[in-house]
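# Residue-level structural notes
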Amino acid sequence: MYSWIWRVLPFGRPGKVVGSLLLAGIMAVVLWFGVFPYAERWLPNNDGQITDTGGQPGGDQVVPGATPDRSVPPSDVIPYPTTTNNPSPRTSHSR
């Protein structure tokens, strides 16, 4: 099929290269704006909304007037020191 298209395109090699690029561009536009939007309804990954276990978006929001659970650290706390590097393996254990 590609050899037939190459033989049918006019104007020698430069015309065939330009014609091939134009055909590829037209096919890309047809796919992008025609076929893909039509097929999107059957694709499984068209819902990007994140929900909690209850199925309601934003279900883990803080309720006004509620007391926070102090046993769980806040999510912005890093559980390791960031000011020093890890000690070398020779000094981390004793023999």
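Rules used in this analysis
Residue numbers run consecutively from 1 along every chain, following the written order of its sequence. Where local features are concerned, this predicted model is filtered to residues with pLDDT of at least 70; where side-chain atom pairs are given and counted, the filter is 80 or more; whole-chain, interface and lining totals use all residues. Excluded from the side-chain calculations are hydrogens and water; all other atoms, namely the structure's heavy atoms, are used. Elements are defined by DSSP. Helices are runs of H or I of four residues or more, strands are runs of E of two residues or more, and each kind is numbered from the N terminus. For a helix, the expected span equals 1.5 Å multiplied by the number of residues minus one. Think of it this way: the bend at a residue is just the angle between two axes, each fitted to seven residues, one set ending at that residue and the other starting at it. Type-normalised accessible area, obtained with a 1.4 Å probe on protein chains alone, sets the label of each residue: buried when under 20%, exposed when over 50%, and partly exposed for intermediate values. What makes two residues a contact is simply this: any of their non-hydrogen atoms within 4.5 Å. Ring pairs are drawn from Phe, Tyr and Trp, using the six-membered ring of Trp, whenever the two centres fall within 6.5 Å, and their geometry is named by plane angle: stacked under 30 degrees, edge-to-face over 60, tilted for the rest. Note on criteria: charge over ring means Lys NZ or Arg CZ within 6 Å of the ring centre, with the direction from the centre no more than 35 degrees off the ring normal. Without a salt bridge and with relative accessible area above 30%, a residue can belong to a patch; like charges are then joined within 9 Å and nonpolar side chains (Val, Leu, Ile, Met, Phe, Trp, Tyr) within 5 Å. Per-residue accessibility takes into account occlusion by the displayed protein chains alone, with areas from the Shrake-Rupley method and a 1.4 Å probe. Salt bridges, as used here, are contacts in which a Lys or Arg side-chain nitrogen is within 4 Å of a carboxyl oxygen on Asp or Glu.

The terminal C-alpha atoms of helix 2 (residues 12-39) lie 38 Å apart, and with 28 residues this matches the ideal 40 Å at 1.5 Å per residue to within 8%. The sharpest bend along helix 2 comes to roughly 40°, located at Leu 31. All of the buried residues in helix 2 are Gly 15, Lys 16 and Gly 19. Against helix 1 (2-8) lie the buried residues of helix 2.

As a further point, take the packing of aromatic side chains. With the rule as written, the count across this model stands at one aromatic pair. Arg 41 extends its terminal NZ or CZ atom over the ring of Trp 42, reaching a point 5.1 Å from the ring centre.

On the surface, a cluster of nonpolar side chains totalling about 1100 Å² of accessible area is made up of Val 18, Leu 22, Leu 23, Ile 26, Val 29, Val 30, Leu 31, Trp 32, Phe 33, Val 35 and Phe 36. Examined against the element boundaries, Val 35 turns out to sit in helix 2.

Geometric values such as these leave the question of function open.
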